[in-house]
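Inside the fold
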Amino acid sequence: MDYTIFLWLALIIALTKFLGILSKKVGLPEVVGFLVAGILIGPSCLNIVNMNGGNGTFLLDASELGVVFLMYNAGLDTDMEEMKKNLVASFVVAAIGVIVPLLVGTLVYGVYYHADFSDKTQLLESLFVGTVLTATSVSITVQTLKELGKLQGSVGTTILGAAVIDDILGIIVLTIVSSMKDSSVNAGTIFLKIVLYFVMIAILFFICRKINPVIEKEDGKRRVALFAIAFALVLAYVSEKFFGIADITGAYFAGLMLCTSKARNYIDEKVGDISNMFFSAVFFACIGIKVQFAGMDARAWLFAIILCVVAILTKIVGCGLGAKITKFSWKDSLQIGVGMISRGEVALIVADKGKSYGLVSDQLFAPVILMVIVTTLITPILLKVVFKLDDKDGKGSAPIEDKKAEPAKA
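All of the points below concern the structure found in this document.

Each value, and the rule that gives it
- Residues numbered from 1 in each chain as written.
- Predicted model: local features only at pLDDT ≥ 70, side-chain atom pairs only at ≥ 80, totals over all residues.
- Heavy atoms only, no water.
- Helix = DSSP H or I, 4+ residues; strand = E, 2+ residues; numbered from the N terminus.
- Rg over C-alpha atoms; globule rule 2.2 N^0.38 Å.
- Buried < 20%, exposed > 50% of the residue type's maximum accessible area, 1.4 Å probe, protein only.
- Contact = heavy atoms within 4.5 Å.
- Areas by Shrake-Rupley, 256 points an atom, 1.4 Å probe, with all protein chains shown as cover.
- Core = buried A, V, L, I, M, F, W, Y, C linked by side-chain atoms within 4.5 Å.
- Disulfide = S-S within 2.5 Å.
- Axes fitted to C-alpha atoms, helices over the stretch in contact; angles between N-to-C directions.
- Parallel < 35°, antiparallel > 145°, perpendicular 65-115°, else oblique.
- Left-handed = near helix turned anticlockwise from the far one by under 90°.
- Nonpolar A, V, L, I, M, F, W, Y, C, P; charged D, E, K, R; others polar.
- Polar contact = N/O pair within 3.5 Å; in protein donor to acceptor, adjacent residues only side chain to side chain.
- Phe/Tyr/Trp six-rings, centres within 6.5 Å; stacked < 30°, edge-to-face > 60°.
- Salt bridge = Lys/Arg side-chain N within 4 Å of Asp/Glu carboxyl O.

**Overview of the overall build of the protein**
Helix and strand counts for the protein stand at 16 helices and 0 strands. Its C-alpha radius of gyration of 21 Å places the protein within 12% of the 22 Å reference for a compact globule of 410 residues. Burial analysis of the protein (410 residues in total) assigns 54% to the buried set. Taking as baseline every contact in the protein between residues at least 6 positions apart, the subset at least 24 positions apart corresponds to 81%. Of the roughly 18,100 Å² of accessible surface on the protein, a fraction of 66% belongs to carbon and sulfur atoms.

Okay, here's the thing in structure tokens:
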């Protein structure tokens, strides 16, 4: 064992907390400090921590657990009645929020690199760039909304619902594009798996409702929290391994199944302790650590800048338009659009898949990663700005009173 990992973890935990507190002092969400901490200690700056070797593998695994716990908490914190009311809105927001980035991203890449769309290889490369832009990572948004007290309410639940649906739609798009490149990928099989997945989720919702009296009878006992955590991890595993659905989606559904239970507060508190003390810090720091700018020429840097602008605007316009169509106010539509900007680990997964299929070159991979980092960093900042509009007019989707106890202060 390489015991350097202990020093790395100590540095990550201490620096993310320090910069998180500093971020809050200057009026920024805490998560911004977490991300900056990762960039500072990663290869792009001080190069103290990296993702190489066994230690890097450990950090990646701990990071994945961090986002799973984060999304499990998000599911537990969801107001089910509000979610039901905004289900149609979530679907429309997700659908338009996928179509707009896909089309614009494909065209922008094609125009910039003078792609010949009659050539299958160049067409697929262009489509892949658009596919990466369809992804939405809600984990950064969830953390920021929790800090702002806006996770519950019509805007917060619409963002959460749209992000989950967005994940499914993104998988469908990736499947179609990759199947055009790799004949071993069967689109029909993937669609069947998605249908079966939601059948399984419906059955689990029914079972959880039936056994809820037993769960509530044991409320306040550690065994409840332990079994609840095990349930989330199993559903995350089953989602990814057997259905090709992101593990974070499974974790979110696991939390959603327990969000109406009286035992929800106790479970949420225990899961939050595990997540906030260790795993979430590692997750957010690792996003920053992954940033590497070496090897990018001037043309790649310019495309990266254009890609970042396109990534931000297409989600604001696409998702905001979907929200407006479903009768949200302009202010709420803007907030929903901004909440869907972050690409995070979802886009990284899509990019990695594309690279394995030969749809993206090393030179194109760097701008994609930079786009992911920029959208991840800018989303908390923009969310803070657009939610200040609520404070100015006192209107919009005020958050529903949170049912759990106030978290411990730093």
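**Focus: the nonpolar core**
One recurring pattern in soluble globular proteins: nonpolar side chains tend to sit buried together. Ranked by internal contacts, the top residues of the largest apolar core, which has 123 residues, are Leu 59, Met 71, Tyr 72 and Ile 267. Per-element accounting of this core gives the leading share, 11 residues, to helix α8 (residues 154–181). Setting aside residues up to four positions removed in sequence, Tyr 72 forms contacts with Ala 228, Ile 229, Ala 232, Ala 251, Ala 254, Gly 255, Leu 258, Ile 267 and Val 271. Counting 5 residues, the second-largest nonpolar core is a separate cluster that includes Met 296, Ala 304, Ala 366 and Leu 370.

**Details of the state of the cysteines**
Counted by the stated rule, this structure contains 0 disulfides. With no disulfide of its own, Cys 308 has Cys 45 as its nearest cysteine by sulfur position, at a separation of 17 Å. Not part of a disulfide, Cys 319 finds its nearest cysteine sulfur in Cys 308, a span of 17 Å. Residue class for Cys 319 comes out buried when judged on its relative accessible area of 0%.

**Looking at the environment of Thr 158**
Here Thr 158 lies in helix α8. In sequence terms Thr 158 and Glu 82 are 76 residues apart; their C-alpha atoms lie 8.6 Å from each other.

**A look at the side chain of Thr 376**
For Thr 376, the location among the structural elements is in helix α16 (residues 362–393). Taking the relative accessible area as the measure of exposure, Thr 376 reaches 0% and is therefore buried.

**Some details on the packing of helix α1 (residues 4–25) against helix α3 (residues 53–76)**
The interhelical angle for the contact between α1 and α3, taken along N-to-C directions, is 40°, at an axis separation of 10 Å. In terms of orientation, α1 lies oblique with respect to α3. Between α1 and α3 lies a crossing of right-handed hand. Where α1 abuts α3, its residues Thr 4, Ile 5, Trp 8, Leu 9 and Ile 12 lie against Asn 55, Gly 56, Phe 58 and Leu 59. Taken together, the residues that form the contact of α1 with α3 break down as 6 nonpolar, 3 polar and no charged.

**Side note on the side chain of Thr 375**
Mapped onto the elements of the fold, Thr 375 is located in helix α16. Engagement of the side chain of Thr 375 in a polar contact is seen with the backbone oxygen of Met 371, the distance being 2.9 Å. Residues contacting Thr 375, with those up to four places away along its chain left out, are Ala 311, Ile 312, Ile 341, Ser 342 and Arg 343.

**Some words on the packing of aromatic side chains**
Tallied over the full model, the rule gives 16 aromatic pairs. Ring plane angle 80° and centroid distance 4.9 Å describe the contact between Tyr 112 and Tyr 113, whose orientation is recorded as edge-to-face. Relative to Phe 303, the ring of Tyr 113 lies with its centre 5.2 Å away and its plane at 65°, an arrangement referred to as edge-to-face. With Tyr 113 in the loop between α5 (87–112) and α6 (120–134) and Phe 303 in helix α13 (residues 298–325), this residue pair connects regions lying 190 residues apart in the sequence. For Tyr 113, a relative accessible area of 21% translates into the label partly exposed. A relative accessible area of 0% means that Phe 303 is categorised as buried. Three or more aromatic residues joined by ring pairs make a cluster, and in this case those are Tyr 197, Phe 198, Phe 243, Tyr 252 and Phe 253.

**With respect to the pattern of salt bridges**
Taken as a whole and judged by the stated rule, the model has 9 salt bridges. Of the charged contacts, one joins Asp 77 and Lys 146 as a salt bridge, the two residues approaching to 3.7 Å between their closest N and O atoms. Of the two residues, Asp 77 is situated in the loop between α3 and α4 (80–85) and Lys 146 in helix α7 (residues 138–148); the sequence distance between them amounts to 69 residues. Its salt-bridge partner being Arg 264, residue Asp 77 comes within 2.8 Å of it at the nearest N-O pair. Note that Asp 77 is positioned in the loop between α3 and α4 and Arg 264 in helix α12 (residues 264–289), a separation of 187 residues in sequence. The pair formed by Asp 77 and Arg 264 is uniform in burial state, with each residue classed as buried. In the salt-bridge network here, residues are joined through shared partners; they are Asp 77, Lys 146, Arg 264 and Asp 268.

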